[in-house]
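Read off the chains here:
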Amino acid sequence: STAYVTNGTKTVKIKAAGNVIFGSINKNGYVSLITEEDGFKNQIAVFDKKGKAIYRWHNSDKYITSAVLSDSNKILALSQIDFSDSGTQSNVIVRDIVNGKNINNVKCDDSVIYKLYFTNKNQFVVVTDTKTFSSTAGAKIKWTVDYNGKKLYTYDISEKGIALVFGEDDSALGKSIVKYYNYRGNQI
């Protein structure tokens, strides 16, 4: 129930409300945590770079699996998974933490979300098992890379772009194809 954030010289200790199940940090040093909470699915909390809680959301609706805060420190993107009789559904919930309200919900039909990453103050990338796409906080899809049935083995995201590694067959020893994309969705 404790998170430690360090830059190598200074360490901030954050006492969470419950057991920490996910954490991320933006470039400004703000931390987003998902914790277990009795009576709810989980709690999402955001802390400033000094470790002071600036936002808490007690989520009782669906399971949140990751949370990333924009570099403006105002927009939170959350990957959500919903289990129902019709199957599993993934969504990205976009929340304004200043007003404490949902801005939008981006559906990821028949996909499992692997990673969320803000590329600027208002736009983020979503890596799923079937496609990678970019969306604005207003839920406008800017570009999509469809895997066309290829199996995504792994990926990496950095400040410069995205690397996607596909397998040519189902064998772990088979050949791999590596494709690099910039944040405009262009293959480089």
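What you see as residue numbers is a count from 1 along each chain, following the sequence as written. Note on the predicted model: pLDDT of at least 70 is required for a residue's local features to be given, and 80 or more for side-chain atom pairs to be given and counted; whole-chain, interface and lining totals, by contrast, use all residues. Neither water nor hydrogens contribute to the side-chain values; these are computed over all heavy atoms in the structure.

A few words on the sheet that holds strand β9 (residues 87-96). Whether two strands pair comes down to DSSP finding at least two bridges between them. Helix and strand definitions here come from DSSP, where helices need a minimum of 4 consecutive H or I residues and strands a minimum of 2 consecutive E residues; each element is numbered from the N-terminal end. If you trace the four strands from one edge of the open sheet to the other, you get β7-β8-β9-β10, paired in antiparallel fashion. Edge positions in the sheet fall to β7 (63-69) and β10 (101-108), since each of these pairs with one other strand and no more. The mean inter-strand angle of the sheet, taken between neighbouring strand axes irrespective of direction, is 25°. Note that β7 and strand β8 (residues 75-84) share six bridges and pair antiparallel. Bridge pairing links V68 to A77 in β8. As a rule, the C-alpha atoms of each element are fitted with a line to give its axis, helices using only the stretch in contact, and angles between N-to-C directions run from 0 to 180 degrees.

The strands making up a sheet associate through hydrogen bonds between their backbones, and the pairing can be parallel or antiparallel. Read across the sheet, three strands follow the order β15-β16-β17 without closing on themselves; strand pairing throughout is antiparallel. Looking at the sheet topology across the chains shown, the edges are occupied by β15 (151-157) and β17 (176-181). Across the sheet, the mean angle separating the axes of adjacent strands is 20° when strand polarity is ignored. Two elements, strand β16 (residues 162-167) and β17, share six bridges in a ladder whose sense is antiparallel. The residue of β17 that forms the bridge with F166 is I177.

On to the nonpolar core. Within the largest apolar cluster, 14 residues are counted, with the highest numbers of intra-cluster contacts made by V92, L116, F124 and V126. Residue assignment for this core shows that the elements contributing at least two residues are β8, β9, β10, β11 (113-118) and β12 (123-128). Among the elements that take part in this core, β11 stands out by supplying three residues, more than any other. When residues no more than four places from it in sequence are discounted, the contact partners of L116 are S66, V68, A77, L78, S79, V92, V125 and V126. Here, nonpolar core means buried Ala, Val, Leu, Ile, Met, Phe, Trp, Tyr and Cys residues that are tied together by side-chain atoms lying within 4.5 Å of each other. In this scheme, a residue with accessible area under 20% of its type's maximum is buried, one over 50% is exposed, and one in between is partly exposed, where area comes from a 1.4 Å probe on protein chains only. In terms of nonpolar packing, the next biggest core, distinct from the first, is built from 13 residues, Y30, A67, I93 and I97 among them. Residue contacts are defined here by distance: any two heavy atoms, one from each residue, within 4.5 Å place the two residues in contact.

Note on pairing: side chains with opposite charge can pair once their charged atoms come close. Salt bridge, as used here, is a side-chain nitrogen of Lys or Arg placed within 4 Å of a carboxyl oxygen of Asp or Glu. Summed over all chains, the structure comprises one salt bridge. A salt bridge links K27 to D71; the shortest N-O distance between them is 4.0 Å. Taken together, the positions of K27 in the loop between β3 (20-25) and β4 (31-35) and D71 in the loop between β7 and β8 put the pair 44 residues apart, joining distant regions of the chain. According to the relative accessible area criterion, K27 is exposed, its value standing at 66%. You can call D71 buried: its relative accessible area is 18%.

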